[in-house]
Amino acid sequence: MPRLHHLVAGLSALGSLTLTMHPHPSGSTDRVTPGTVRVEALAHVTVNLLDDRGVIQQVVREYEIPVGTGSGFNVSPDGVIVTATGVVQSSKDPAVYAANRVFAEYFKVKIPADFSRHKLKNPELNGRLQACYPPRQQNSNCIFTPVTKVTVFPYADPPVPEGYPADLVHTGTSPSAPAVLKLSKGGEDSTLPTVPLATSLGSGIESTDLVGLPTRPSAKAPPKVETAHLDPPGGRTFKPAERAKLSTFLSNDGDGAAVIDDGKSEVIGLVTGGGDAPETLTPVEDIREALVAANVTARRGPVDVLYETALGSYHNKFYANAIPVLEQVLRVRPDHAVAQDHLRFARANRAAAPSPGQAKAPPAKSATGLSPLLLTAIGVVAAGVLIAVAVPLTLRRRRRAGQEAGESPSEPLAAVSTWPPGGTQTMEAGPPEGSFPAYHRQSGPVQGTGASPVAVSPGGARPDGAGTGGSAPAGPAGAAVAGHGVPAGSGGQVLFCTQCGMRLGRAHRFCGFCGHPVDQ
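Residues numbered from 1 in each chain as written. Predicted model: local features only at pLDDT ≥ 70, side-chain atom pairs only at ≥ 80, totals over all residues. Heavy atoms only, no water.

Chemist: Before we move on, can you summarise the overall build of the protein with the specific residues and values?
Modeler: Along the protein, the regular secondary structure elements total ten helices and 14 strands. Considering the protein as a whole, with its 520 residues, one finds that 42% of them fall into the buried category. A fraction of 62% describes how many contacts in the protein between residues 6 or more apart in sequence connect residues 24 or more apart. Here the protein has roughly 27500 Å² of accessible surface; of this, 56% comes from carbon and sulfur atoms. (Helix = DSSP H or I, 4+ residues; strand = E, 2+ residues; numbered from the N terminus. Buried < 20%, exposed > 50% of the residue type's maximum accessible area, 1.4 Å probe, protein only. Contact = heavy atoms within 4.5 Å. Areas by Shrake-Rupley, 256 points an atom, 1.4 Å probe, with all protein chains shown as cover.)

Chemist: How would you sum up the state of the cysteines? Please name residues and give values.
Modeler: If you walk through the whole model with that rule in mind, you get one disulfide. Two residues, Cys132 and Cys142, share a disulfide whose sulfurs are 1.9 Å apart. Given an S-S torsion of about -100°, the disulfide between Cys132 and Cys142 has left-handed geometry. With a gap of ten residues between them, Cys132 in helix H4 (residues 123–132) and Cys142 in strand S4 (residues 142–154) connect regions that are remote in the sequence. Judged by its relative accessible area of 1%, Cys132 falls in the buried class. Given the relative accessible area of 3%, Cys142 is considered buried. (Disulfide = S-S within 2.5 Å.)

Chemist: Any details on the packing of aromatic side chains? Residues and values, ideally.
Modeler: On inspection of all chains with the given rule, the structure shows six aromatic pairs. Ring geometry for Tyr106 against Phe107: centres 4.8 Å apart, planes inclined by 85°, an arrangement best described as edge-to-face. Take Tyr106: its relative accessible area is 21%, and that puts it in the partly exposed class. Residue Phe107 is classed as buried on the basis of its relative accessible area of 11%. Look at Tyr314 and Phe345: their rings are 6.1 Å apart centre to centre, the planes differ by 65°, and that puts the pair in the edge-to-face class. Remark: Phe345 occurs in helix H9 (residues 337–349) and Tyr314 occurs in helix H7 (residues 302–315); sequence separation between them is 31 residues. Using a relative accessible area of 10% as the deciding quantity, one classes Tyr314 as buried. Ring pairs connect the aromatic residues Phe103, Tyr106 and Phe107, which therefore count as one cluster. (Phe/Tyr/Trp six-rings, centres within 6.5 Å; stacked < 30°, edge-to-face > 60°.)

Chemist: Describe a positive patch on the surface, and please don't skip the residues or the numbers.
Modeler: On the surface, a cluster of positive charge is made up of Arg396, Arg397, Arg399 and Arg400. Note on placement: Arg397 falls in helix H10 (residues 372–407). The class of Arg397 is exposed, set by a relative accessible area of 65%. (Patch = residues over 30% accessible without salt bridge, like charges linked within 9 Å, V, L, I, M, F, W, Y side chains within 5 Å. Salt bridge = Lys/Arg side-chain N within 4 Å of Asp/Glu carboxyl O. Lys, Arg positive; Asp, Glu negative; His and termini not counted. Charge placed at Lys NZ, Arg CZ, Asp CG, Glu CD.)

Chemist: Go over helix H5 (residues 243–251), please, and point to the residues and values.
Modeler: Among all positions of H5, only Leu246, Phe249 and Leu250 are buried. Here the buried residues of H5 occupy an arc of 95° about the axis, which is enough to place them on one side. With respect to the buried face of H5, the exposed residues turned more than 90 degrees away are Ala244 and Ser251. Those residues of H5 hidden inside the fold are in contact with strand S7 (207–212), strand S8 (224–229), strand S9 (257–261), strand S10 (266–274) and strand S11 (277–283). Backbone geometry just after H5 places Asp253 at a positive phi near 55°. (Arc of directions from axis to C-beta.)

Chemist: Can you break down the pairing of S7 residue by residue, with the values?
Modeler: The buried fraction of S7 amounts to six of the six residues, a majority that puts the element mostly inside the structure. Bridging between S7 and S8 involves six bridges; their strand directions are antiparallel. Bridge pairing links Val211 to Val225 in S8. (Pairing = 2+ DSSP bridges.)

Chemist: Tell me about the sheet that holds S10, residues and numbers included.
Modeler: Pairing is antiparallel across the open sheet formed by five strands, whose spatial order is S8-S7-S9-S10-S11. Two strands in the sheet have a free side with no partner beyond their single neighbour: S8 and S11. On average, each strand axis in the sheet is tilted by 30° relative to the strand beside it, whichever way the strands run. Relative to S9, S7 runs antiparallel, the two being bridged by four bridges. Looking at S9, one finds that Thr208 is bridged to Asp261. Sheet strands touched by helix H6 (residues 284–293): S10 and S11. Its angle to S11, the strand with the most contacts, is close to 65°. (Axes fitted to C-alpha atoms, helices over the stretch in contact; angles between N-to-C directions.)

Chemist: So what's going on with the side chain of Thr282? Which residues, and what values?
Modeler: Its place among the elements puts Thr282 in strand S11. Taking the relative accessible area as the measure of exposure, Thr282 reaches 6% and is therefore buried. Apart from the residues lying within four places of it in its own chain, the contact partners of Thr282 are Ser176, Pro178, Ile268, Gly269, Leu270 and Ile287.

In short, shape yes, function no, at least from these values alone.
Right, dumping it as structure tokens:
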């Protein structure tokens, strides 16, 4: 049986390979970065303040109040954006901010421009201020009309300075829930880059990448990528050791950023949190439910098909093949920032790139989500374990076979095996008197018309005794030769048919093969 330390060594090798091959493949975010966007939301509040002291006066003011900024991603070529609800819907009431501003400006009092409810020392003005704050009541003296304005900034070159306006289609019940936006401008031709949206959050996913935009994107301000690991794998939380870097990422407008599965380069959710809130993953299942509630569908576009076709050759370093496809991408979508960058690099390195027959393609990703190097390591270790088991078993079988051979001596080889074995048998049509071995012919009339059977000396002996097998002992007629059951004629001779040459059976009167009569 295989030694225990052999198995332990194999498993240790597998463990070491698993630890060293960390799955954050190069280019795993290239499918997502073109569809990454920045989202900025503000509340446009129109307030009507009624002053009924003496002659009634109506004071109208308009304010734009920041609601939130964050990241998101496009899931449809006509511009369907997914982000976190906290980015486009603040927990603070913009009407309170507007009330503080209008009161401070009209009544010339000091009130901070914030989202808190304040009190004034003047009882009359304080009463009017409290009546201005929402919610609206019978004695309210302020009327608010808030409108949320959302602007989306895609990753494009040249950038879109003013962004694209978007309508708020669906929001969740918590800041981490998905929100769905629809561009009202910019997606008319359905050529916007999109991200590949996964079907579900796999139970074994651990290694991920977060892709967000801390500022308005441009060629000099590309999306920011941060690695992270789910703990437990397939869960909604990240490893505690990574909380500091994730908090920094989220504090730089990272809320709503896409979370990418490194194994398949697909978006498996969005990330929220940071600061006092824990960093959590909102899974792709919740995103798809929000899309259904918004009555929209995630789909890829023609630009994505061309772009991902180019990525296959680009990452295999077949730049000459990638260049024309990248050029086609830019003909359809001229501001595709990632395609522009890859095209510049491919043109600069086309001469140094290997030909398809010389280059080795990098390991492709497995359908199961495991690293190809990890699968190779598992195969090597499994082969080692099989060898460790098979070699001792083979040696044991050989040793046992050798012992059995020593206990029972091998039987001698048959003197007559095949016909004709070439140089080991001597045929005599009519031996002279006194030849060895003696040739006995049956007395009486000869039966049949054919020639007489031919006698051959067993063991390859010649009549003069100089054969390779030496002299053969004479035995009774029809006895077996050398104990091997080979029929022999009188004197221990082996008989053969003179018609067809086949060996004759004992006491046979006719050849069993051709039917020729035997003359004995």
